[in-house]
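Here is how the chains run, residue by residue.
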Amino acid sequence: MLPLILGMTGLFLQYRRKRKDFLINLLLFFFTGLAIVVYLNQSGFQPRERDYAYVGSFYAFAIWIGLGVIAIKELMQRMMKLPIANYAAASLCTLAVPVLMANQEWDDHDRSNKTLAVDMARDYLESCPKNAILFSGEDNDTYALWYLQEVEKVRPDVRVVVNTIFASDWYINQLRYKVNQSDPVDVIFTPEQIRGSNRDVVYFDKLGGFDSSHTYDLYSVLKNVTASDKPQYVRQTEEGDVLHLLPACRFSIPLDINAVRSNGTVQPNEAVVPTLQMDDISNKRYLFKNDLAILSIIAANNWKRPICFTSDRDLNSLGLGKYARQEGMTYRLTPVENSAVNNDVAYKNIMEKFAYGRKSNNKSVYYDEENRRRMNYIRLAHAQVAISLAQAGRKEEARKVLERFDQNVSEQYFPYGMTSNRGNQHNAIASQFLQACYLSDDILLAKKVAASIRKDLTEQLRYYHSLGDEQISEEQMMATAYNLLQGKGGEMPVKQISFAYDIVSSWQLLQQIDGWEKAQQKAL
């Protein structure tokens, strides 16, 4: 607010004194600020703040801030002599704006003790087996991964593949070359076959020679059908564009059992499926080039290299979710069905290799909303691994995993219970951590986590209740919100409508916590 007031003061001063100069500065401010807003027409939700697009307008407004100092000086000059007025105006503006702003906001912007970006990237890389291919889907993950590999030389054997730019021919072609210590990757398609807009979208369609009720080898289909330009495997639009096809059928990925046992993909005593049976993805109707490229790598890899993902969403969308196995912060494609966690590998990775976004425990650190979302992913990994260990009867190890997180992440800076701008995602993940505490019999930690979550959820419901008719109970408020979300109608105050999901989720999470506590008391 103070820079704004100072800038507006300078704006009016320039308007009164030199209107030609004011017009020039105003045009600079307009065309590098408001005009760019109109020209870019950005959507409401962006992956990050786009302030850099308007930096020219910042310079223009800074001129007015400087002129505002002169206006303050002239005001002070009416009350004191000129030299004193100069010093007083400079001192007042310096203390009132930069010093006060630094005093109030320095801790929010101080990153000297924050290492979350590189620590999370390190957790991803260290969760990968040697010579792995790691699929990443976000800039916030990827840039840190690249930095660690290229600058600090951490795990240069891992090939990072960015799914969000995997539809570009130049990026797919980069995989054909060795990078650092990572060997080339076979992508099935030749450079000509994926050049430019070729196969940007591949459509599922019924093709002669393919029975939709049968299952076909994915590699053979991609190599001989989708990569082909034969007339029976393409369709032509009225505009003359050529559409490449995938047969509308089921696909499988064959397996060399001896190879996966010898290279450590599976343990000697594990039950291995003879082939990976993909869920029917032809219901999608089409695949974009990035998904096609992922499938081509999986099909051509033939289990020679570990294939990992920073999230299991891509595997689920490609019909391979049941073969995803967590090994820390990553999900590895394995020929073992419905084996959610590799307990031995995940436990070792967490206990020996994980870092937690804080350089020194003796210094404070501030986690903003995006930081907290990333920290929640780390918390979720601990919860999932601890639950798996507890269910396998390894409760002591499960407790060690949970205690490691609790000891390395201070609740002062990252509480278990906290309202987030993504519904109740923060509390939902913390509730999974709480469930892991109960399953592993870590009662002291469970009490600590439950108290924090319960406090936040109770405060949320109290606030939502205050926005409407306080004569009805919170349970009635929740029932109304639930009916509204289900499309069953119901009258709700306007102020409460936007919080309908939060009302229901807060209530449900509280009921869940109560259920766990009652079950724990009965077990004692």
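Residues numbered from 1 in each chain as written. Predicted model: local features only at pLDDT ≥ 70, side-chain atom pairs only at ≥ 80, totals over all residues. Heavy atoms only, no water.

### Here we look at the packing of aromatic side chains
Part 1: Across all of its chains, the model carries 22 aromatic pairs by this definition.
Part 2: Summarising the aromatic geometry, the rings of F210 and Y216 are spaced 5.0 Å apart at their centres and angled 65° between planes, so their arrangement reads as edge-to-face.
Part 3: Aromatic ring contacts, followed pair by pair, group Y15, F22, F29, F61 and W64 into a single cluster.
Part 4: The ring of Y15 carries the charged tip of R19 above its face, separated from the ring centre by 4.2 Å. (Phe/Tyr/Trp six-rings, centres within 6.5 Å; stacked < 30°, edge-to-face > 60°. Lys NZ or Arg CZ within 6 Å of the ring centre and 35° of its normal.)

### Remarks on the pairing of strand β1 (residues 133-136)
Part 1: Residues I133 and F135 line one face of β1 and the alternating positions L134 and S136 line the opposite face, and both faces are buried.
Part 2: In this structure, β1 lies alongside strand β10 (residues 307-309), joined through three bridges in parallel fashion. Bridge pairing in β10 links L134 to C308. (Buried < 20%, exposed > 50% of the residue type's maximum accessible area, 1.4 Å probe, protein only. Helix = DSSP H or I, 4+ residues; strand = E, 2+ residues; numbered from the N terminus. Pairing = 2+ DSSP bridges.)

### A look at the sheet that holds strand β4 (residues 215-217)
Part 1: Read from one edge of the open sheet, three strands run β4-β7-β8, paired in mixed fashion. The open sheet has two edge strands, β4 and β8 (275-277), and neither has a second partner. Across the sheet, the mean angle separating the axes of adjacent strands is 35° when strand polarity is ignored.
Part 2: Relative to strand β7 (residues 250-254), β4 runs parallel, the two being bridged by three bridges. Bridge pairing in β7 links D217 to S252. (Axes fitted to C-alpha atoms, helices over the stretch in contact; angles between N-to-C directions.)

### Quick word on the packing of helix α16 (residues 443-466) against helix α19 (residues 500-523)
When two helices pack together, their arrangement is captured by the angle between the axes and the distance separating the axes.
Part 1: With their axes 10 Å apart at the nearest point, α16 and α19 run at an angle of 150° to one another. When the interaxial angle is binned, α16 and α19 end up roughly antiparallel. Regarding α16 and α19, the two cross each other, and that crossing is left-handed. Facing I443, A450, I453, R454, L457, T458, Q460, L461 and Y464 of α16, the residues of α19 in contact are D502, I503, S506, W507, L509, L510, I513, D514, E517 and Q520. (Parallel < 35°, antiparallel > 145°, perpendicular 65-115°, else oblique. Left-handed = near helix turned anticlockwise from the far one by under 90°. Contact = heavy atoms within 4.5 Å.)

### Let's talk about helix α6 (residues 139-150)
Part 1: Under the 1.5 Å per step criterion, the end-to-end length of α6 is 16 Å for 12 residues, consistent within 8% with the ideal 16 Å.
Part 2: By the burial criterion, the buried members of α6 are D141, T142, A144, L145, L148 and Q149. (Expected span 1.5 Å × (residues − 1).)

### Here's the deal with the sheet that holds strand β11 (residues 324-326)
Part 1: Strand order across the open sheet formed by five strands is β2-β1-β10-β12-β11, with mixed pairing between neighbours. Single-partner strands in this sheet number two, and they are β2 (159-162) and β11. This sheet shows a mean twist of 30° between the axes of neighbouring strands, independent of strand direction.
Part 2: Note that β11 and strand β12 (residues 331-333) share three bridges and pair antiparallel. In the strand pairing of β12, Q326 is matched with Y331.
Part 3: The strands touched by helix α10 (residues 289-301) are β1, β10 and β12; relative to β10, the strand with the most contacts, the crossing angle is about 150°.

### A short note on the environment of L134
Part 1: Mapped onto the elements of the fold, L134 is located in strand β1.
Part 2: Sequence separation between L134 and C308 is 174 residues, and the spatial gap between their C-alpha atoms is 4.7 Å.
Part 3: Every residue in contact with L134, bar those within four places of it in the chain, is listed here: Y124, L125, C128, L145, V158, R159, V160, V161, C308, F309, T310 and T330.

### A word on the nonpolar core
Part 1: Ranked by size, the top nonpolar core spans 67 residues in total, and within it F433 and L434 carry the most contacts.
Part 2: Counting residues per element, this core draws most heavily on helix α13 (residues 369-391), which supplies nine residues.
Part 3: Setting aside its immediate chain neighbours within four residues, L434 contacts A446, V449, A450, I453, I513 and W516.
Part 4: The next biggest cluster of nonpolar side chains, apart from the first, holds 56 residues, and it includes I188, Y216, V272 and A324. (Core = buried A, V, L, I, M, F, W, Y, C linked by side-chain atoms within 4.5 Å.)

### Quick word on the pattern of salt bridges
Part 1: This structure, assessed with the given rule, holds 22 salt bridges.
Part 2: A salt bridge links R17 to E74, with the nearest nitrogen and oxygen atoms 2.6 Å apart. Pair noted here: R17 is in helix α1 (residues 2-17) and E74 is in helix α3 (residues 55-77), with a separation of 57 residues, a long-range link.
Part 3: Looking at E74, the relative accessible area reads 24%, which means it is partly exposed.
Part 4: Here D279 makes a salt bridge to K322, at a shortest N to O gap of 3.1 Å. (Salt bridge = Lys/Arg side-chain N within 4 Å of Asp/Glu carboxyl O.)

### Overview of the packing of helix α5 (residues 116-126) against α13
Part 1: In the contact formed by α5 and α13, the axes pass within 11 Å of each other and the chain directions differ by 25°. The angle between α5 and α13 falls in the class roughly parallel. Handedness of the crossing formed by α5 with α13: left-handed. Residues L116, M120 and D123 of α5 touch α13, and the partners they reach there are N371, R374, M375, Y377 and I378.

### Things to note about the state of the cysteines
Part 1: All told, the structure shown has zero disulfides when counted by the stated rule.
Part 2: Just so you know, C308 is unpaired, no disulfide at all, and the nearest cysteine sulfur is the one on C128, 4.3 Å from it. (Disulfide = S-S within 2.5 Å.)

### Description of the environment of E239
Part 1: Within the fold, E239 resides in the loop between β5 (234-236) and β6 (242-247).
Part 2: Between the alpha carbons of E239 and L461 there is a distance of 57 Å; along the sequence they are 222 residues apart.

### Points about helix α14 (residues 395-408)
Part 1: Along its 14 residues, α14 runs 20 Å from first to last C-alpha, staying within 8% of the 20 Å computed at 1.5 Å per residue.
Part 2: Looking at α14, one finds that the buried residues are A398, V401, L402, R404, F405 and D406.
Part 3: Elements in contact with the buried residues of α14: α12 (343-353), α13, α15 (425-439) and α16.

### Digging into the side chain of D141
Part 1: If you trace the backbone, D141 turns up in helix α6.
Part 2: On the basis of relative accessibility, which here comes to 6%, the residue D141 falls in the buried class.
Part 3: Polar side-chain contacts of D141 include one of 2.7 Å to the side chain of R374.
Part 4: Setting aside residues up to four positions removed in sequence, D141 forms contacts with Y124, S136, T310 and R374. (Polar contact = N/O pair within 3.5 Å; in protein donor to acceptor, adjacent residues only side chain to side chain.)

### Thoughts on a nonpolar patch on the surface
Part 1: A grouping of M1, L2, L4, I5, M8, F12 and L100 is seen on the molecular surface, where their side chains present a nonpolar patch of about 660 Å² in accessible area.
Part 2: Among the elements that make up the nonpolar patch, the one with the highest residue count is α1 (five residues).
Part 3: Within the fold, L4 resides in helix α1. (Patch = residues over 30% accessible without salt bridge, like charges linked within 9 Å, V, L, I, M, F, W, Y side chains within 5 Å. Areas by Shrake-Rupley, 256 points an atom, 1.4 Å probe, with all protein chains shown as cover.)

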